[in-house]
Amino acid sequence: MIDFQAPTRNGSATTISTDRLATLDTIQKRVLWLAMLMIHHANHVRCNPDETKVGGHQASSASMVTIMTALYFHFLQTGDRISVKPHASPVYHAIQYLLGRLPRQYLTALRAYRGLQAYPSRTKDVDEVDFSTGSVGLGAVAPAFAALASQYARDHFGDVTSRRFVAVLGDAEIDEGNVWEAILDQALTGLGNLLWIVDLNRQSLDRVVPGIRAAQLKALFAKSGWQVLEAKYGRKLQALFAQPGGSALRRRIDEMSNEEYQTLIRLPGDRLRAHVVTVDGVARPELIDAIHGVSDEDLPALLSNLGGHDLEELLSVLARVDDEPNRPTILFAYTIKGWGLPIAGHPLNHSMLLTPEQMDALQQELGVSPEDKWAAFEPDSSAGQLCRQRVKHLYPVSRPAPHVVQAGDLPRDLSIPVDGRVSTQQTFGRLLMALSREPALARRIVTASPDVSVSTNLSGWINKMGVYASQERLDYERQGNWQQRSSGQHIELGISEMNLFMIIGMFGLSAELTGQQVIPIGTVYDPFVLRGLDALIYGLYSGSRFIFAGTPSGITLSPEGGAHQSTITPSVGMELPNLNAFEPCFAQELAWMLLDALRGCCDRGNGHATYLRLSTKPIDQSLLQPALTRLGEAELRRQVLAGGYRLVDWRWIDPRESEAYLVHIATTGTMVPEAVEAANILQEEGIPANVLNLTSPRRLFEAWQQLPWGKHPTLEATSDGPFRWLIPPSERHAPIVTVLDGASHTLAWLGSVFGTLVIPLGVDHFGQSGTHTDLYRHYSIDARAIVEAALVAVNRHGLE
């Protein structure tokens, strides 16, 4: 077996053997072919009954081949975690196949049902993916926050299974605002375990990126504290630059616009030569001399010899990543979109696909056997031997199990005050303090907030647990335990909700990425959940487990006006996959919900993320007592976590009343007191009314879908799930009035469960400033409006 030794380092130079380079070149050619063939098969060979474009981005994949080959077959080490540019998905899967980690049959299943996903997916691809990518820019930022999670875990627990976090991204991704939100946040400074590699092909989806932006980008990253490296020109071009006239030639290429360069490299040699040597209509002698010895046939390839496609140059630059171990590194690798393909550099090649004839020519050019187009390498070949060595190195058979908190080890209850008048936001702060008194659990919890920690009631936790920073920093304003140190357990971000959801999403994957479980709890102003929605979805899609509190919520935040009042967030909580959403009214409810959320973070098999929609509105806790007396604590807790319970049950108030005029008032969160007041008024008028406190409309909706007549029936025909106790069979004829501090349609589906009349009340217009009383009356969600809606419902139901 060939022993592939690591390259030797002599000062700033790195020596890589000729044999190693030749083997890597053999591998990158096979990676290029397999990636192109996977896309070609999906579009031109596989049956396509829909007759729609399958896609696959051959040009974008091609520009990444050398970078990915250099990483997987030379640079990456055990414990490195990598995020792959979305459009390089076929390249990634081709590499996994050559490493023996992807069965061959999946090569023909790119973008197919239960096959390989369009973009790398942690949860849906069959080969192991560290980071899901697809939403532009998030795949770059995710490893940055994962690197922070690794640093945090090392500081708090010692051992981690992670080493370096690498993001390979397209240059157009840097246009995304979330990238700059992350770069500018102080929490990410000093991450020496973070490497970004920019595939600088200077093309985006539909255009060549105008201007010369690389210098500007390098300066911005340098000023942000990053080590900036570049692999701009390949060794052949560098040799030409060293010849007479070479410096002038380099200036000529450096000063070209992206559009000019992309056009130039597609020209035949004679026309290219005339274009290169001419500046402002005048042929320059020094440029003529510089390329005099290069034939027209060789000139296009030579001018295309960029560092991102030159293995020797790229590996030499990668060897410098550790030169500054206390700074994150960004490497700009200059590439050509469509490298090695007949569509290289074409301004519209993003969605172009090679024709069958072009694929045949490419197969011949790359030396692929016509007998087996999908072949990997022979085991005894130098490429086959390197593949076996690398897979053993990157993916050890024996991996330590992550250190986690078992769901069964969580406390059953948390001791907090549950009487008087208190808001759910206040209760949340008290619950965190109660958690701080559970040492085994508390050491695994980290809180985070986008500069709203005090106003979301995190102060008590922070004062006790401290603020985290890898290097100690003194907060001169607050001092005390707001001083930042490596033992702290709160991360204060700048005002960026995108960063908040990225950090809790990546910390929520810490067990998988670092071997140490961290339970992230974030707080955010509820109106601004939508600002970070892309990152929230990303974390959920990645299978992360975290907890966040959106607070304060709704028009109940009355003095702040419409800009700070959330209305559609209850729907967001209901509709996002992999998310449990609760909207509590009472302190005791929230305590049970938070414990359930913690179990969701600790359950490695069926875990989930949790959204708690909270409020600053003080609630009279005695309103819960009748239900607690009637049901008992254990049963009430079960119903709260199942999605809802009967807070007011008319049968317990006056069972002599006739149920002919019965009405249900279904509510959630802060509107419970108004619903109870309305029920009392109706009761005085001889109209029995139940108040259904829907603690989790999402869980109720999911339960409805699982009923025997639902969309996904899983329950026994005799079971109605939580609706069994919410609306028993004898009361399913009664109309329903729904009311919440949010969009009215959120609960309007309740009538469809049993085919009953619903009158939905809610906030369906932008809010404004005022008192609770003013706004509730204006938006018709106060007790009087609920009563009026109930009377209409009863009358209409009587007519029917």
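Anything mentioned here points back to the structure above.
The notes below deal with the structure included here. All values derive from a computational prediction rather than experimental measurement. Starting afresh in each chain, residues are numbered from 1 along the sequence in its written order. Owing to the predicted nature of the model, reporting of local features is limited to residues with pLDDT of at least 70; listing and counting of side-chain atom pairs is limited to 80 or more, with chain, interface and lining totals taken over all residues. In computing side-chain values, all of the structure's heavy atoms are included and hydrogens and water are not.

## Thoughts on the overall build of the chain
What counts here: Secondary structure elements are taken from DSSP: a helix is a run of H or I of four residues or more, a strand is a run of E of two residues or more, and numbering for both begins at the N terminus. The globule rule used for comparison is 2.2 Å times the number of residues to the exponent 0.38, while the radius of gyration itself is calculated over C-alpha atoms. Should any heavy atoms of two residues lie within 4.5 Å, those residues are considered in contact.
Along the chain, the regular secondary structure elements total 32 helices and 24 strands. On C-alpha atoms alone, the chain measures out to a radius of gyration of 31 Å, which is about the 28 Å that the 2.2 N^0.38 rule sets for 800 residues. Based on the C-alpha atoms only, the size of the chain along its principal axes is roughly 105 × 65 × 55 Å. The contacts of the chain with a sequence gap of at least 6 include a subset with a gap of at least 24, amounting to 76%.

## Describing the environment of K617
Put simply, the test is: Three exposure classes are used, based on accessible area relative to the maximum for each residue type with a 1.4 Å probe and protein chains only: buried under 20%, partly exposed in between, and exposed over 50%. What qualifies as a polar contact is a pair of N or O atoms within 3.5 Å, subject to a donor-acceptor requirement within protein and to the restriction that residues adjacent in sequence count only when both atoms come from side chains.
With respect to the helices and strands, K617 occurs in the loop between β18 (609–613) and β19 (619–620). When its relative accessible area of 7% is taken as the criterion, K617 is described as buried. Separated by 394 residues in sequence, K617 and K223 have C-alpha atoms that sit 44 Å apart. Residue contacts for K617: discarding those within four places in its chain leaves V422, S423, T556, T670, E674, H772 and Y776. Reaching out from K617, the side chain makes a polar contact with the side chain of E674 at a distance of 3.0 Å.

## Brief notes about the nonpolar core
A general trend in soluble globular proteins is that nonpolar side chains are found buried together. The condition is simple: Here, nonpolar core refers to any group of buried Ala, Val, Leu, Ile, Met, Phe, Trp, Tyr and Cys residues whose side-chain atoms link them within 4.5 Å.
Judged by nonpolar contacts, the single largest core of 91 residues is most densely connected at L148, W196, I503 and F548. The element best represented in this core is helix α4 (residues 138–157), accounting for 13 residues. For L148, the residues in contact, after removing those within four places along its chain, are A187, L188, L191, Y468, I491, I503 and F507. Counting 78 residues, the second-largest nonpolar core is a separate cluster that includes M593, I619, Y779 and A783.

## Comments concerning the pairing of strand β21 (residues 663–667)
To keep things clear, this is the line we draw: Criterion used throughout: strands pair if DSSP finds at least two bridges between them.
The buried count for β21 comes to 5 of 5 residues, which makes it a mostly enclosed element. As paired elements, β21 and strand β23 (residues 736–739) share 4 bridges and run parallel to each other. In the strand pairing of β23, A666 is matched with T738.

## Comments concerning the pairing of β23
Burial along β23 is two-sided: I736 and T738 facing one way and V737 and V739 facing the other are all buried. The pairing of β23 with strand β24 (residues 758–761) spans 4 bridges and is classified as parallel. Within β24, the residue paired with T738 across the bridge is P760.

## Remarks on the packing of aromatic side chains
Put simply, the test is: Side-chain rings of Phe, Tyr and Trp, where Trp is taken by its six-membered ring, are said to pair if the distance between their centres is within 6.5 Å; with planes under 30 degrees apart they count as stacked, over 60 as edge-to-face, and otherwise as tilted.
Scanning the entire structure with this criterion turns up 18 aromatic pairs. When the centroid spacing of 6.0 Å and the interplanar angle of 70 degrees are considered together, the rings of W196 and F221 count as edge-to-face. Within this pair, whereas W196 is found in strand β5 (residues 194–200), its partner F221 is found in helix α6 (residues 214–223), the two being separated by 25 residues in sequence. Overall, the relative accessible area of 0% leaves W196 in the buried class. Residue classification places F221 among the buried residues on the basis of a relative accessible area of 0%. On the basis of an interplanar angle of 90 degrees and a centroid distance of 5.0 Å, the ring pair of F501 and F548 is categorised as edge-to-face. Note that F501 is positioned in helix α19 (residues 497–507) and F548 in strand β16 (residues 547–550), a separation of 47 residues in sequence.

## What to know about the packing of α4 against helix α21 (residues 533–541)
Short version of the rule: All axes here are fitted lines through C-alpha atoms, helices being fitted over the stretch that makes contact, and every angle between N-to-C directions spans 0 to 180 degrees. With respect to orientation, any angle under 35 degrees is reported as roughly parallel, any angle over 145 as roughly antiparallel, any angle of 65 to 115 as roughly perpendicular, and every other angle as oblique. When residue character is reported, Ala, Val, Leu, Ile, Met, Phe, Trp, Tyr, Cys and Pro are called nonpolar, Asp, Glu, Lys and Arg charged, and the others, Gly included, polar.
Where α4 contacts α21, the axes come no closer than 12 Å and their chain directions differ by 70 degrees. On the basis of the axis angle, α4 is roughly perpendicular to α21. Residue-level inspection shows L138, G139 and A142 of α4 in contact with α21, the latter providing D534, A535 and Y538. Residues belonging to the contact of α4 with α21 are distributed by class as follows: 4 nonpolar, 1 polar and 1 charged.

## Observations regarding the sheet that holds strand β22 (residues 689–693)
In space, the 5 strands of this open sheet follow the order β20-β22-β21-β23-β24, with mixed pairing throughout. Across the chains shown, the open sheet's two edge strands, defined by having one partner strand only, are β20 (645–648) and β24. Within the sheet, the average angular offset between the axes of one strand and its neighbour, ignoring direction, is 25 degrees.

## Re helix α16 (residues 424–436)
Short version of the rule: One fewer than the residue count of a helix, multiplied by 1.5 Å, yields its expected span.
Relative to the 18 Å expected for 13 residues at 1.5 Å per residue, α16 spans 18 Å between its end C-alpha atoms, a close match to the ideal helical length. Counted residue by residue, α16 has 10 buried out of 13 residues, so it is predominantly covered. Here α16 has its buried residues at T424, Q425, T427, F428, G429, L431, L432, A434, L435 and S436.

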